[in-house]
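# Structural description and commentary
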Amino acid sequence: MSLPHAILTALLEKPSSGLELTRRFDKSIGYFWSATHQQIYRELGKLERDGAIRALPREQATRGQKKEYEVLPAGRAELARWTAASQDPKPLRDTLLLRLRAAAVVGMDGIEADLRRHLTLHRRQLAEYEEIEKRDFPPGKDAVEDRLRHVVLRAGIDLETFWTQWLEQTLEELGAPGA
């Protein structure tokens with residue numbers, strides 16, 4: 001149920017066309033709530049049918065022109081209801097951890113190389129998040145909205161830091177040279 005809420009959030013931040021929204025998803029919300037472009041467009045249609053959003057009126061209808069959407073009061077109310085609702089943490093489901101557990105019974109073929117690949121990917125993501133933090137959250141940017149966005153980014157930084165450290169320790173514990 002969270003994809004419609006992610007879309008409502010993005011549209012409240014800035015009315016957008018479907019294409020603009022998918023691009024923004026790829027650069028921000030998509031870091032922690034991924035969705036394909038098809039899923040986003042399908043959800044935009046549902047939200048519009050449900051009266052949560054509407055396409056902004058255009059002066060002239062032109063074939064192939066992008067619709068730009070805005071959130072209606074019903075959409076804002078739904079997002080506020082969802083934001084205020086209590087939710088339990090979700091249990092961790094990670095295939096790498098399951099594969100390590102399976103390697104304990106079938107052997108480690110390919111595991112070390114994939115651990116190194118994961119380490120590279122997590123280091124890259126961490127560097128990207130840290131660059132976003134430097135660019136978008138300079139000292140003194142402390143409005144409540146900015147602080148909320150920053151804590152979400154900090155969660156990403158902390159998770160990538162965790163994964164980087166854990167993978168380094170795991171490789172070391174497995175006796176992988178150059179860990």
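Residues numbered from 1 in each chain as written. Predicted model: local features only at pLDDT ≥ 70, side-chain atom pairs only at ≥ 80, totals over all residues. Heavy atoms only, no water.

This part is about the layout of surface pockets. Here the largest pocket is characterised by a volume of approximately 2,400 Å³. Taken together, the elements giving at least two residues each to the lining of the largest pocket come down to α1 (2-13), α2 (18-27), α4 (73-84), α6 (111-136) and α7 (144-173). Considering every element that reaches the lining of the largest pocket, the biggest residue donor is α7, with eleven residues. Within the lining of the largest pocket, the residues separate by chemical class into 24 nonpolar, ten polar and 15 charged. (1 Å grid on protein atoms, 1.4 Å probe; cavity = no way out; pocket = protein on both sides within 12 Å on 5 of 7 lines; lining within 4 Å. Points joined across faces, edges and corners; volume = space filled by probe spheres on them. Helix = DSSP H or I, 4+ residues; strand = E, 2+ residues; numbered from the N terminus. Nonpolar A, V, L, I, M, F, W, Y, C, P; charged D, E, K, R; others polar.)

Here the focus is the packing of aromatic side chains. Each aromatic ring pair is described using two quantities: the centre-to-centre distance and the angle formed by the ring planes. Across all of its chains, the model carries three aromatic pairs by this definition. Ring geometry for Y31 and Y129: centres 5.1 Å apart, planes at 85°, overall edge-to-face. With Y31 in the loop between α2 and α3 (37-49) and Y129 in helix α6, this pair connects stretches of sequence that are 98 residues apart. Judged by its relative accessible area of 27%, Y31 is partly exposed. Relative to W163, the ring of F162 has its centre 5.1 Å away and its plane inclined at 70°; by these criteria the two rings are edge-to-face. Of the residues examined, F162 reaches a relative accessible area of 41% and is grouped as partly exposed. Every member of this aromatic cluster is reached through a ring pair, and the members are F162, W163 and W166. Across from the ring centre of F137, 5.6 Å away, lies the NZ or CZ of K141, which sits over that ring. (Phe/Tyr/Trp six-rings, centres within 6.5 Å; stacked < 30°, edge-to-face > 60°. Buried < 20%, exposed > 50% of the residue type's maximum accessible area, 1.4 Å probe, protein only. Lys NZ or Arg CZ within 6 Å of the ring centre and 35° of its normal.)

Spatially, three strands are ordered β1-β3-β2 in an open sheet, and the strand pairing comes out antiparallel. Each edge of the sheet is formed by a strand with only one pairing partner; in this case those strands are β1 (16-17) and β2 (53-55). Looking at chain direction, β1 and strand β3 (residues 68-71) are connected through two bridges and run antiparallel. Note on β3: the bridge partner recorded for S16 is Y69. Those strands touched by α1 are β1, β2 and β3, and its axis lies near 100° from that of β3. (Pairing = 2+ DSSP bridges. Contact = heavy atoms within 4.5 Å. Axes fitted to C-alpha atoms, helices over the stretch in contact; angles between N-to-C directions.)

Right, let's get into the nonpolar core. Of all hydrophobic cores here, the largest spans 18 residues; its most connected members are I7, L11, L21, F25, L44 and I53. Only α1, α2, α3 and β3 provide two or more residues apiece to this core. Among the elements that make up this core, the one with the highest residue count is α1 (six residues). Apart from residues lying up to four places away in sequence, I7 is in contact with L21, F25, I40, E43, L44 and L47. By size, the runner-up hydrophobic cluster in this structure holds eight residues, among which are L96, I111, L171 and A176. (Core = buried A, V, L, I, M, F, W, Y, C linked by side-chain atoms within 4.5 Å.)

The subject of this paragraph is the pairing of β3. Looking at chain direction, β2 and β3 are connected through three bridges and run antiparallel. For A55, the partnering residue across the bridge sits in β3 and is Y69.

What follows covers the environment of E43. Its location among the elements puts E43 in helix α3. Of the residues examined, E43 reaches a relative accessible area of 13% and is grouped as buried. When the C-alpha positions of E43 and R116 are compared, they lie 37 Å apart, and in sequence the two are 73 residues distant. Ignoring sequence-local partners within four residues, the contact set of E43 consists of L3, P4 and I7.

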